[in-house]
Amino acid sequence: KNQVEQSPQSLIILEGKNCTLQCNYTVSPFSNLRWYKQDTGRGPVSLTIMTFSENTKSNGRYTATLDADTKQSSLHITASQLSDSASYICVVIRSYNTDKLIFGTGTRLQVFP
Amino acid sequence: EPEVTQTPSHQVTQMGQEVILRCVPISNHLYFYWYRQILGQKVEFLVSFYNNEISEKSEIFDDQFSVERPDGSNFTLKIRSTKLEDSAMYFCASYPGTASYEQYFGPGTRLTVT
């Protein structure tokens, strides 16, 4: 079954600290993987998009990695800020069905001062 | 920067009533989508729309749901007879049709069925 699992479910860190969020997927055949940030009550906003051949991609303080062999991805946030408090969602797209995004359950990150 | 807009931001309706959720996708985008997110759960795909017809729909998108692009700018989701379990955030998204496959999401409409 095509699934996307994320861990941890929630995370609390202090401002300025780094953190890493994990994503495991069983989606096949794989096309690309995305990380979205979703503020409470808002729509998801794309952070990174990675294809099969990409191992790492950065967007400011966000760095995503992808291991297509083990079907794992991570999102590393450096020097966290209060505004990073949000849900981070891993989304996978199959190669023959690019319309239908398969969403993970998300990691709820809270950054405290 | 262009963005997807949705109205209303919050809709309260009684069970059995019809609701129409409205979306204005980014102009020049070709593909349109509706998703829903029940409180505390993950975002779920409902339907995709291209060239004035549904290209794919999920098992959630039953006969109670319909979509329409009535005037070339709006994209609507209609729920004919709402049920309590339809209470959720409904997100519209659009995509230009380029190789990036990136969908742009609207802010959502919170639907509360009482």
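The coordinates are above.
Computed from a predicted model, the values in this text were never measured in an experiment.

Trainee: Would you mind showing me how to read the nonpolar core here?
Mentor: Across soluble globular proteins, nonpolar side chains show a tendency to be buried alongside one another. If you look at the biggest cluster of nonpolar residues, it comprises 25 residues, and the most contacted ones within it are V4, Y25, L33, W35, L75, Y88 and V92 of chain A. Of all the secondary-structure elements, those providing two or more residues to this core are β3 (19-25), β4 (30-38), β5 (45-51), β7 (62-67), β8 (72-77), β9 (86-94) and β11 (107-112) of chain A. Not counting residues up to four positions away in its chain, the partners in contact with Y88 of chain A are Q6, L21, W35, Y36, K37, L47, Y62, L75, I77, G106, T107 and L109 of chain A. Residues W34, V47, F65 and C92 of chain B belong to the second largest nonpolar core, which totals 22 residues.

Trainee: So what exactly am I meant to see when it comes to the pattern of salt bridges here?
Mentor: Any two side chains of opposite charge can pair, so long as their charged atoms come close to each other. Counted under the stated rule, the structure contains three salt bridges over all chains. For E54 of chain A, the salt bridge identified is with K57 of chain A, shortest N-O distance 3.1 Å. E54 of chain A sits in the partly exposed class, given a relative accessible area of 24%. Given the relative accessible area of 29%, K57 of chain A is considered partly exposed. As a salt-bridge pair, E44 of chain B and R36 of chain B come within 3.2 Å of each other at their nearest N and O atoms. Take R36 of chain B: its relative accessible area is 11%, and that puts it in the buried class.

Trainee: How do you make sense of the state of the cysteines when you look at a structure like this?
Mentor: Note on terminology: disulfide describes a covalent bond linking the sulfur atoms of two cysteines. The tally for this structure, following the rule as stated, stands at two disulfides over all chains. What pairs with C23 of chain A in a disulfide is C90 of chain A, and their sulfur atoms sit 2.1 Å apart. Measuring the twist about the S-S bond at about -65 degrees, one finds the C23 of chain A-C90 of chain A disulfide to be left-handed. Of this pair, C23 of chain A sits in strand β3 while C90 of chain A sits in strand β9, and the two are 67 residues apart along the sequence. Of the two residues, C23 of chain A and C90 of chain A, neither departs from the other in class, the shared state being buried. Between C23 of chain B and C92 of chain B runs a disulfide, and the two sulfur atoms are separated by 2.0 Å. Its torsion about the S-S bond being -60 degrees, the disulfide of C23 of chain B and C92 of chain B is classed as left-handed. Of this pair, C23 of chain B sits in strand β3 (residues 19-24) while C92 of chain B is found in strand β9 (residues 88-95), placing the two residues 69 residues apart along the sequence. Unpaired in this structure, C19 of chain A has its nearest cysteine sulfur neighbour in C90 of chain A, at a distance of 15 Å.

Trainee: Please clarify how the side chain of D84 of chain A should be interpreted in this entry.
Mentor: All names here are of chain A. Residue placement: D84 occurs in the loop between β8 and β9. With a relative accessible area of 0%, D84 lands in the buried category. At a separation of 3.0 Å, a polar atom in the side chain of D84 contacts the side chain of Y62. Apart from the residues within four sequence positions on either side, D84 is in contact with K37, R61, Y62, I77, L109 and V111.

Trainee: Teacher, can you tell me more about the interface of chain A and chain B here?
Mentor: The parts lose accessible area when they come together, and the size of an interface is often stated as this lost area. Residue-level contacts link 18 residues of chain A with 19 residues of chain B. Taken together, both faces of the contact between chain A and chain B bury some 1,600 Å²; the carbon and sulfur share is 53%. At the boundary of chain A with chain B, the tally comes to zero salt bridges. In this assembly, chain A and chain B are joined by two residue pairs in polar contact (both at pLDDT 80 or more).

Trainee: How should the sheet that holds strand β8 (residues 75-79) of chain B be read in this particular structure?
Mentor: Hydrogen bonds along the backbone pair up the strands of a sheet, which may run parallel or antiparallel. Residues and elements named next belong to chain B. Spatially, four strands are ordered β1-β3-β8-β7 in an open sheet, and the strand pairing comes out antiparallel. Two strands bound the open sheet, and with one partner strand each, they are β1 (5-7) and β7 (65-68). Averaged over all pairs of adjacent strands, the angle between strand axes in this sheet comes to 20 degrees, irrespective of strand direction. Inspection of the sheet shows β1 paired to β3 by three bridges, in the antiparallel sense. Bridge pairing in β3 places Q6 opposite C23.

Trainee: Can you help me understand the pairing of β8 of chain B in this one?
Mentor: A regular strand carries its side chains on alternate faces of the sheet. Residue and element names in this part refer to chain B. Buried residues dominate β8, accounting for four of its five residues. Bridge analysis of β3 against β8 gives five bridges, and the strand direction is antiparallel. Bridging across to β8, C23 finds its partner in F75. In terms of strand pairing, β7 meets β8 through four bridges, oriented antiparallel. Each residue of the ladder has a partner; that of S66, found in β8, is K78. Hairpin remark: β7 followed by β8, antiparallel, with six residues in the connecting loop; positive phi at G72, about 85 degrees.

What counts as what
- Residues numbered from 1 in each chain as written.
- Chains lettered and ligands numbered in written order.
- Predicted model: local features only at pLDDT ≥ 70, side-chain atom pairs only at ≥ 80, totals over all residues.
- Heavy atoms only, no water.
- Core = buried A, V, L, I, M, F, W, Y, C linked by side-chain atoms within 4.5 Å.
- Buried < 20%, exposed > 50% of the residue type's maximum accessible area, 1.4 Å probe, protein only.
- Helix = DSSP H or I, 4+ residues; strand = E, 2+ residues; numbered from the N terminus.
- Contact = heavy atoms within 4.5 Å.
- Salt bridge = Lys/Arg side-chain N within 4 Å of Asp/Glu carboxyl O.
- Disulfide = S-S within 2.5 Å.
- Polar contact = N/O pair within 3.5 Å; in protein donor to acceptor, adjacent residues only side chain to side chain.
- Buried area = accessible area lost by both parts, 1.4 Å probe.
- Pairing = 2+ DSSP bridges.
- Axes fitted to C-alpha atoms, helices over the stretch in contact; angles between N-to-C directions.

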